[in-house]
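# Coordinate inspection notes
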Amino acid sequence: MLKKMRSVVPKHSTCWRMSMLAVGAGILTTGACRDTVEPRGLQPATVMRTVVARSTLGDTASWDTYGADITTRVTHFRADGKLDAFAALPLSYHLERHLAFGHWRTSMTLAPVAAKLAQRAAAQAAVTRVARIEDDGDGTPPRLYNAQGAVIKLPERMPTAPFGGSAPTLPSLPNKTSRPADKPADRSAIKSLVLAPEGATERRAAIVRAFGQVARRTSSSEEYIVQRADGQVTVRVDPAIAAVIEMIEQNGADTILHVLINYDRQADSLALIKSIRISRGAVGSRRASMTETVYQNFYLAKRN
């Protein structure tokens, strides 16, 4: 069901091939990594930024860069239902995409984590190592930089997490033959973050393809229901913007997945993604968890 959701809910267009939490916790940056001095990568735009508005969004000649500030917090719950304190570590970063040299170049600049969560020397070194991630959008692997601008070489497998427990395996990074380059003229990626009225018909069609016809309507939402052998999936859509605002996946009487999506409505009828909260119930050995992502300070800019 999550595969269907990918076509109708907001997503990062950067498609990073690594765990965001893993980067935030610094487990990519222990002794298994080796630094080399290479040219500094793309720095955040210093050109004049403008707020995202319906008039400028449609005028593609007026912008070739967009960005936002994003904070993600992943919280795990212990078997007794109490919070795992370290798992609540927030990851804040500035995301910027810029059309350059025929490709959408992506830069993700990480903000320092809270000092109280990095008191031990080893922990502090780990969580402060990765400062920026870049992807040229041409099919080559993304690059990781430290605060001094040096490229950090990635290990083939993730080392042990410095705070205990097992670190996830790093997926194979793409090369020039493993993933296609971005299409230069394609500006559709921003549509998953900024919803314009002009795209409502397209969004509604994608929802129907994924979930079928409307099962019931209320004054504020349309409800789609997908029946399965072991339960059902309920999807609620805001008809005013033709966008998914909630999804509940149930296995029998148990809720195993609950997604809530909030939008910031503007006076010019644009809807900007504001937050996404994903709650997962405990299944087998997997603990219950909640991931909340907040988006702020959207902007457009012109570099070239």
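## As for the overall build of the chain
Within the chain one finds five helices and 16 strands. When burial is assessed residue by residue, the chain has 44% of its 304 residues classed as buried. Considering only residue pairs separated by 6 or more positions, the chain has 59% of its internal contacts joining residues 24 or more positions apart.

## A few points about the nonpolar core
Core analysis: the biggest nonpolar cluster contains 47 residues, and V194, V235, Y263, I273 and F298 have the highest contact counts within it. Per element, the largest residue contribution to this core is five residues, and it comes from strand 14 (residues 254–265). When sequence neighbours within four positions are dropped, the list of residues in contact with V194 reads V52, L57, L270, A271 and L272.

## Focus on the pairing of strand 14
Of the strand pairs in this sheet, strand 13 (residues 243–251) and strand 14 are connected by six bridges, and their pairing is antiparallel. Note on strand 14: the bridge partner recorded for N251 is D254. What sits between the antiparallel neighbours strand 13 and strand 14 is a turn of two residues, in which G252 has the positive phi angle 65°. Connecting the antiparallel pair strand 14 and strand 15 (residues 271–280) is a turn made up of five residues, with S269 showing a positive phi of about 80°.

## Describing the pairing of strand 11 (residues 222–228)
A regular strand places its side chains so that they alternate between the two faces of the sheet. Strand direction decides the pairing type here: strand 10 (residues 216–217) and strand 11, joined by two bridges, are antiparallel. The residue bridging R217 from the neighbouring strand is E222, located in strand 11. From the end of strand 10 to the start of strand 11, which pair antiparallel, there are four residues. Remark: two residues form the turn of the hairpin made by strand 11 and strand 12 (residues 231–238), two consecutive strands paired antiparallel.

## A look at the environment of K302
Within the secondary structure, K302 is located in the segment after strand 16 (289–301). Since its relative accessible area comes to 37%, K302 is described here as partly exposed. Sequence separation between K302 and Y66 is 236 residues; the distance between their C-alpha atoms is 8.8 Å. Within the local environment of K302, its side chain forms a polar contact with the backbone oxygen of A61, the two atoms lying 3.3 Å apart.

## Side note on unusual backbone geometry
Its identity is not glycine, yet A242 carries a phi of approximately 55°, on the positive side. As for its placement among the helices and strands, A242 is situated in the loop between strand 12 and strand 13. Since its relative accessible area comes to 2%, A242 is described here as buried. Within the chain, S269 stands out as a residue other than glycine whose phi angle is a positive 80°. Judged by relative accessible area, which is 43%, S269 ranks as partly exposed.

## Focus: the pattern of salt bridges
Inspection of every chain in the model, using the stated rule, returns 16 salt bridges. A salt bridge links R143 to E134, with the nearest nitrogen and oxygen atoms 2.9 Å apart. In this pair, the class of R143 matches that of E134, namely buried. Here E223 ties to R236 by a salt bridge, and the two come within 3.2 Å at their closest N and O atoms. Placement of the pair is E223 in strand 11 and R236 in strand 12, with a sequence separation of 13 residues. Overall, E223 belongs to the buried group, its relative accessible area being 9%. Of the residues examined, R236 reaches a relative accessible area of 24% and is grouped as partly exposed. Taken together, the shared-partner salt bridges connect R105, R132, E134, D136 and R143 into one network.

## Some words on the packing of aromatic side chains
In total, this model carries four aromatic pairs according to the counting rule given. Aromatic side chains W63 and Y66 sit 6.2 Å apart centroid to centroid with 80° between the ring planes, which places their arrangement in the edge-to-face category. Assessed through its relative accessible area of 3%, W63 is described here as buried. Plain terms: the ring middles of Y66 and W104 are 5.8 Å apart, the flat faces sit at 55° to each other, and that makes the pair tilted. Taken together, the positions of Y66 in strand 3 (residues 65–76) and W104 in strand 5 (residues 103–110) put the pair 38 residues apart, joining distant regions of the chain. Given the relative accessible area of 6%, Y66 is considered buried. Ring pairs connect the aromatic residues W63, Y66 and W104, which therefore count as one cluster. It is R49 that lies over the ring of Y299; its NZ or CZ is 4.1 Å from the centre. The ring centre of Y145 lies 4.4 Å from the NZ or CZ of R132, which sits over that ring.

Cut-off values and rules
Residues numbered from 1 in each chain as written. Predicted model: local features only at pLDDT ≥ 70, side-chain atom pairs only at ≥ 80, totals over all residues. Heavy atoms only, no water. Helix = DSSP H or I, 4+ residues; strand = E, 2+ residues; numbered from the N terminus. Buried < 20%, exposed > 50% of the residue type's maximum accessible area, 1.4 Å probe, protein only. Contact = heavy atoms within 4.5 Å. Core = buried A, V, L, I, M, F, W, Y, C linked by side-chain atoms within 4.5 Å. Pairing = 2+ DSSP bridges. Polar contact = N/O pair within 3.5 Å; in protein donor to acceptor, adjacent residues only side chain to side chain. Salt bridge = Lys/Arg side-chain N within 4 Å of Asp/Glu carboxyl O. Phe/Tyr/Trp six-rings, centres within 6.5 Å; stacked < 30°, edge-to-face > 60°. Lys NZ or Arg CZ within 6 Å of the ring centre and 35° of its normal.

By themselves these figures say nothing about function.
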